[in-house]
Every structure is written in C-alpha cells, then in structure tokens.
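Report on the structure
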Amino acid sequence: MPDPLLPLLPGPQDADRPWLICYGIDERVELTGHVLSMWLAKTAGFITSESAPGDGVHVALPPHWRTVAWACGTWLAGRSVLLGSSEEIRAAGLVPELSVAFTPESLCEEAEAQVLVPSASLALRWPGDLPALVLDGAADLMHYPDHFTPVSAAGDLTCLSDLTAEMAVPADPGAPAGTVPSGDGPTILTRAQLVARVEAAGASTGADKASASRAVLVRSPDTAQMLQEVLVAWRTGRTAVVLTPEAGDHVAAAAVRQEGITEWVGGSQSR
C-alpha cells in the first residue's frame, strides 16, 4: 500500500503558490511549496545522516514555520515525530534518535543527536556559542541537498506520538484508521490514522468545499494541533497561515487582512 502521508507534503514541483506563511512579532515569512520542499529535503537528509532510527525525532518546538519543516522533514525520512518534555519522554522509557529545540533546556539529553535552531525566522545560524556536541539546526542544515528521495513508509507505522499528558494510550490496533484514544491522554497515531484525522477534520469543518479564501488561519498553542491544521489546509489546496505563540490579537488581525483570510481550519472567520 502506498504511503498515505507523503502525498500531503509539498514537492519540488509545487512552485506556483505559497504553502506556508508564518507570522510572529514583526515577522512574516512566506514559503512556496518548492522552497518548503527544499527545507524538508535538507531536514530529512540531516536526520538520516545524523541519527539511526530510534523512538522518534523529538520536536521540542512551538508552532512556527521551522516546526512544520522539522516535523514534515521527519515524515519525509520515514521517521516518527515525538512531542513532549524531556521528563515525559524519560518517564515513558523512550530514547529519541534526535532532539531539536529553540533552547538548550528543552533538549532531550538521552537523544543520539541534539540540535538547536534559532527562533528568529530569518536567522541562518544559532546565535552565540553552541553547547558541546550540539549541532546547529540552521547553519549545519545548509550543507544538505535540496532534494531527498522520500522514504515510503507503511500506513501502520507510527508517525506522531504526543506525550503531553499523564499516560500514553496507543490507538487500538483493531480500530479503524483515524480512531484516536478517548480522554485527555497522549495520542499515538500511525501515518494512516493521521491522514484519516486530517480528512475527517477537513470534512467536518467544510474545508473541502469551494471557498473564496485561498488561505486559512492556523492559531493554536498546541504543536500537534497546529501540524494537523496545516495538513488540513494543504490537503484542500490552501495556504496555511501559522501564528507563533507570542503573536497577539493585533498580529492575527493583520494576518487576516493582509492574506485575505475569511476562514480558519475550525470554520469561518467572524467579522
């Protein structure tokens, strides 16, 4: 069975429109599908070169365009995204192959490779001195090719583990694709289940219907939710406009005006 997740990701041929726009405080970054695919390729190359498959790539990053690139680059490499704090990962008995973060304190020390990336959207390297043995997730990334042959993974391969609650509860192996655990426990999703979730979210919010809005607002403090909403936007041919956590209501209003947004993934924009 073909990998159900790869078709949702941008490729080198997607050069005609922006796929991702990120708003922060006094920052706006726009990435076409072609440019974003190059970031994904570099990230996938970096991950496969610097680590062997383990319990996942620890993405300790808040909503941001770099977060999208690292998560999607992980999926392009056939690996799994691991969300949660170092303490939660340690308590679960997991050892990530790689840990990437904006701050040294957020890195998982047990990871095979540790990577720091600058939070400034246009920064080309980590500001200041790196801790010992920690890699620069901006400057070092530039050495990798702009193209990467995607790793086609099975639909039943875990692609997202969110350990941000008390106890991880995997989806029942016998449950239909897209079934997620009940309650507030962390979520573990296969590639097929994540895609089914994206399809269901698009259908339930009307995102599959024709719309005058070519962009949707993605404003969530939760990284897992942000990633899902980005995928919903992409699946329906729209630009995902992501707000970083520090972007306030005035930034959101500016993004809505500038991008001509009339809806977000959760529904129509009220006026």
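A brief look at the structure comes next.

What counts and what doesn't
- Residues numbered from 1 in each chain as written.
- Predicted model: local features only at pLDDT ≥ 70, side-chain atom pairs only at ≥ 80, totals over all residues.
- Heavy atoms only, no water.
- 1 Å grid on protein atoms, 1.4 Å probe; cavity = no way out; pocket = protein on both sides within 12 Å on 5 of 7 lines; lining within 4 Å.
- Points joined across faces, edges and corners; volume = space filled by probe spheres on them.
- Helix = DSSP H or I, 4+ residues; strand = E, 2+ residues; numbered from the N terminus.
- Nonpolar A, V, L, I, M, F, W, Y, C, P; charged D, E, K, R; others polar.
- Phe/Tyr/Trp six-rings, centres within 6.5 Å; stacked < 30°, edge-to-face > 60°.
- Buried < 20%, exposed > 50% of the residue type's maximum accessible area, 1.4 Å probe, protein only.
- Core = buried A, V, L, I, M, F, W, Y, C linked by side-chain atoms within 4.5 Å.
- Contact = heavy atoms within 4.5 Å.
- Polar contact = N/O pair within 3.5 Å; in protein donor to acceptor, adjacent residues only side chain to side chain.
- Expected span 1.5 Å × (residues − 1).
- Pairing = 2+ DSSP bridges.
- Axes fitted to C-alpha atoms, helices over the stretch in contact; angles between N-to-C directions.
- Parallel < 35°, antiparallel > 145°, perpendicular 65-115°, else oblique.
- Left-handed = near helix turned anticlockwise from the far one by under 90°.

**Here we look at empty space enclosed by the protein**
By the definition in use, this model includes one cavity of 30 Å³ or more. Roughly 40 Å³ of internal volume is contained in the largest cavity. Every residue lining the largest cavity is listed: Trp39, Thr43, Trp65, Arg66, Ala69, Trp70, Val117, Gly137 and Leu141. Sorting the residues of the lining of the largest cavity by element identifies helix H1 (33-50) and helix H2 (65-76) as the ones contributing at least two each. Among the elements that line the lining of the largest cavity, the one with the most residues is H2, at four residues. Here the residues of the lining of the largest cavity are counted per class, giving six nonpolar, two polar and one charged.

**Brief notes about the packing of aromatic side chains**
All chains considered together, the criterion is met by four aromatic pairs. Summarising the aromatic geometry, the rings of Phe46 and Trp70 are spaced 5.6 Å apart at their centres and angled 85° between planes, so their arrangement reads as edge-to-face. Taken together, the residues Phe46 in helix H1 and Trp70 in helix H2 connect sequence positions 24 residues apart. Grouping residues by exposure puts Phe46 and Trp70 together as buried. Aromatic pair Phe46 and Tyr144: ring centres 5.6 Å apart, planes at 70°, arrangement edge-to-face. Here Phe46, found in helix H1, pairs with Tyr144, found in the loop between strand E7 (134-136) and strand E8 (158-162); they are 98 residues apart in sequence, far enough to count as distant. Here Phe46 and Tyr144 have matching classes, each one buried.

**Quick word on the nonpolar core**
Residues Leu9, Leu20, Trp70, Trp75, Leu98, Leu231 and Trp234 are the most contacted members of the largest nonpolar core, which totals 56 residues. Residues within four places of Leu9 in sequence aside, it is in contact with Trp19, Leu40, Cys72, Trp75, Leu76, Leu231 and Trp234. Counting residues in each nonpolar core, the second largest holds twelve residues, with Tyr23, Val241, Ala252 and Val256 among its members.

**Let's talk about the environment of Ala77**
Structurally, the position occupied by Ala77 is in the loop between H2 and strand E4 (81-83). The spacing of Ala77 and Pro53 is 24 residues in sequence and 9.9 Å in space, taken between C-alpha atoms. Residues in contact with Ala77, not counting those within four places in the same chain, are Ala44, Thr48, Phe148 and Val151.

**Some thoughts on the side chain of Arg238**
By secondary structure assignment, the location of Arg238 is in the loop between helix H5 (223-235) and strand E12 (239-243). With a relative accessible area of 5%, Arg238 lands in the buried category. At 3.1 Å, the side chain of Arg238 forms a polar contact with the side chain of Thr236.

**Thoughts on H2**
Taking 1.5 Å of rise per residue, twelve residues should cover 16 Å, and H2 covers 16 Å from first to last C-alpha, within 8% of that figure. Burial analysis of H2 places twelve of its twelve residues in the buried class, the great majority of the element. Within H2, burial applies to Trp65, Arg66, Thr67, Val68, Ala69, Trp70, Ala71, Cys72, Gly73, Thr74, Trp75 and Leu76. Gly78 occupies a position one or two residues after H2 and carries a positive phi of about 80°.

**Details of the pairing of E8**
Counting buried residues in E8 gives four out of five residues, a clear majority hidden from the surface. Judged from the three bridges that link them, E4 and E8 form a sheet pairing that is parallel. Opposite Leu82, over in E8, you have Ser161 as the bridge partner. Looking at chain direction, E8 and strand E10 (residues 187-190) are connected through four bridges and run antiparallel. Across the sheet, residue Ser161 finds its bridge partner in E10, namely Ile188.

**Points about the packing of H1 against H2**
H2 packs onto H1 with a crossing angle of 60° between their chain directions and a minimal axis gap of 8 Å. With respect to H2, the element H1 is oriented oblique. For the pair H1 and H2, the crossing hand works out as right-handed. Where H1 abuts H2, its residues Trp39, Leu40, Ala41, Thr43, Ala44, Phe46 and Ile47 lie against Trp65, Ala69, Trp70, Cys72, Gly73, Thr74 and Leu76.

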